Amino acid sequence: MTIVRNNYENIDTVLAELGIPGVDGIYLDLGVSSYQLDTAERGFTYREDAPLDMRMDQRNAETAADIVNGYSEMELYRIIRDYGEDRFAKNIAKHIVRARQEKPLETTGELIEVIKAAIPAKIRATGGHPAKRTFQAIRIELNKELEVLEHSIDKMIGLLNPGGRLSIITFHSLEDRIVKNKFKENENPCVCPPDFPVCMCGRKSRGRVVTRKPIVPTGQEIEENKRSKSSKLRVFEKS
Ligand SMILES: C[S@@+](CC[C@H](N)C(=O)[O-])C[C@H]1O[C@@H](n2cnc3c(N)ncnc32)[C@H](O)[C@@H]1O
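Residues numbered from 1 in each chain as written. Predicted model: local features only at pLDDT ≥ 70, side-chain atom pairs only at ≥ 80, totals over all residues. Heavy atoms only, no water.

## Concerning unusual backbone geometry
A positive phi angle, close to 65 degrees, is found at Met54, a residue other than glycine. Mapped onto the elements, Met54 comes out in the loop between helix H2 (34-38) and helix H3 (64-70). Classification of Met54 by relative accessible area gives buried; the value is 0%. (Helix = DSSP H or I, 4+ residues; strand = E, 2+ residues; numbered from the N terminus. Buried < 20%, exposed > 50% of the residue type's maximum accessible area, 1.4 Å probe, protein only.)

Here's what the structure looks like:
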């Protein structure tokens, strides 16, 4: 076994350096790990106070604090809306910008207080943790999670041997949509109008989607491991 610490988007150069021309299987288990969530200093959790970090790879220079203190109100609004799907995105962005004018936000605790103040008390009492969606948004933006996933799937399918499989576990709808669409595109990439008698675009299928519907955890698995709740597994097989 050879362990390589690298961003998975660099899988092509890593395999080339190892002299491996093709592989039989690639498996991505996306998102953050339980270890990272449970290590407060990594700054991923909204359950403890820690520096605003959230880097998947601590060799990278930019941290969550740079986004929280450096992005414009409009940019913060966009990421909290699109990546957090938080209906109070606009207000949260406004509160962040107002708070950081007094003093830069440095810890998860400080950010949580600002988020709480931006959400109506009634909702705060009933919904999940008020910071959950904003934390997800900042994490996705910082680590460019959706761009990396989107760019890597075609590349990975290209690296599979015939009959090889790419399996991906996602943890939220934004990731799952990318995997679903990219797999579909690779199965049927033809862009000819449906009334063309034969394909003129010349785009050939690269394989088939093995999982018509994603594989999801059973009730028992969710009971044993709460963090598996939102996971979905999709598999593509190269022809
Ligand atoms: C859900 S966890 C994997 C857990 C692991 N399968 C286990 O059972 O312990 C996802 C891991 O992928 C890492 N990760 C996230 N994005 C990455 C990327 N672009 N390249 C490489 N690793 C990444 C995270 O840092 C995290 O450690």
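## A few points about the sheet that holds strand E2 (residues 160-170)
Sheets are built from strands that pair by backbone hydrogen bonding, the pairs being arranged parallel or antiparallel. Spatially, the four strands line up as an open sheet ordered E1-E2-E4-E3, and their pairing is mixed. Pairing within the sheet leaves two strands with one partner each, and these edge strands are strand E1 (23-29) and strand E3 (207-209). When the angles between neighbouring strand axes are averaged without regard to direction, this sheet yields 15 degrees. In terms of strand pairing, E3 meets strand E4 (residues 232-238) through three bridges, oriented antiparallel. Within the sheet, the bridge partner assigned to Arg208 lies in E4 and is Glu237. (Pairing = 2+ DSSP bridges. Axes fitted to C-alpha atoms, helices over the stretch in contact; angles between N-to-C directions.)

## With respect to the nonpolar core
Ile96, Leu111, Ile153, Leu166 and Ile168 are the most contacted members of the largest nonpolar core, which totals 54 residues. A domain split of this core shows at least three residues from each of domain 1 (8-30 + 145-238) and domain 2 (34-143). When residues no more than four places from it in sequence are discounted, the contact partners of Ile168 are Leu28, Leu30, Leu149, Ile153, Val179, Phe183, Lys232, Leu233 and Arg234. (Core = buried A, V, L, I, M, F, W, Y, C linked by side-chain atoms within 4.5 Å. Domains from an automatic or database assignment. Contact = heavy atoms within 4.5 Å.)

## Regarding helix H1 (residues 11-18)
Along H1, the positions that sit buried rather than exposed are Ile11, Val14 and Leu15. All buried residues of H1 fall inside an arc of 95 degrees around its axis, so they share one side. Opposite its buried face, H1 presents the exposed residues Ala16 and Glu17, each directed more than 90 degrees away. Packed against the buried residues of H1 are E1 and helix H9 (145-159). One or two positions beyond H1, positive phi appears at Gly19, with a value near 75 degrees. (Arc of directions from axis to C-beta.)

## Digging into the site of the ligand
Near the ligand the following residues occur: Asn6, Asn7, Tyr8, Asp29, Leu30, Gly31, Val32, Ser33, Gln36, Met56 and Val148. Contact between the ligand and Tyr8: a nitrogen atom at 2.9 Å from a main-chain N or O atom of the residue. A distance of 2.8 Å is found between an oxygen atom of the ligand and a side-chain nitrogen or oxygen belonging to Gln36. Coverage of the ligand by the protein chains reaches 59% of its 610 Å² of free accessible surface. (Near = heavy atom within 4 Å. Polar contact = N/O pair within 3.5 Å; in protein donor to acceptor, adjacent residues only side chain to side chain. Areas by Shrake-Rupley, 256 points an atom, 1.4 Å probe, with all protein chains shown as cover.)

## Some points on the packing of helix H4 (residues 73-82) against helix H8 (residues 132-142)
Packing of H4 against H8 brings their axes to within 8 Å, and their N-to-C directions diverge by 110 degrees. One finds that H4 runs roughly perpendicular with respect to H8. Where H4 approaches H8, its residues Arg78, Ile79 and Ile80 are matched on the opposing element by Thr134, Ala137, Ile138 and Glu141. (Parallel < 35°, antiparallel > 145°, perpendicular 65-115°, else oblique.)

## Side note on the side chain of Glu175
Structurally, the position occupied by Glu175 is in helix H10 (residues 173-187). Here the side chain of Glu175 touches Phe171 through a polar contact of 2.7 Å, landing on its backbone nitrogen.

## Looking at the packing of aromatic side chains
Inspection of every chain in the model, using the stated rule, returns two aromatic pairs. Pairing Phe183 with Phe236 gives two aromatic rings, centres 5.5 Å apart and planes at 50 degrees, and the pair type is tilted. Here Phe183, found in helix H10, pairs with Phe236, found in strand E4; they are 53 residues apart in sequence, far enough to count as distant. With respect to burial, Phe183 and Phe236 carry one shared label: buried. Taking the ring centre of Tyr77 as reference, the NZ or CZ of Arg81 above it sits at 5.1 Å. (Phe/Tyr/Trp six-rings, centres within 6.5 Å; stacked < 30°, edge-to-face > 60°. Lys NZ or Arg CZ within 6 Å of the ring centre and 35° of its normal.)

## Overview of the domain arrangement of the protein chain
You can read the domains of the protein chain as domain 1 (8-30 + 145-238) and domain 2 (34-143). On a C-alpha basis, the centres of domain 1 and domain 2 stand 29 Å from each other. If you look at the interface, domain 1 gives eight residues, while domain 2 gives eleven residues. Buried area between domain 1 and domain 2, summed over both chains or domains, comes out near 810 Å², and the portion from carbon and sulfur atoms is 43%. The three residues of domain 1 that bury the most area against domain 2 are Glu145, Leu174 and Arg227, which together make up 66% of that side's buried surface. We note a salt bridge from Arg227 to Asp38, for which the minimum N-O separation is 2.9 Å. Counting every contact that joins domain 1 to domain 2 gives five residue pairs in polar contact (both at pLDDT 80 or more). (Buried area = accessible area lost by both parts, 1.4 Å probe. Salt bridge = Lys/Arg side-chain N within 4 Å of Asp/Glu carboxyl O.)

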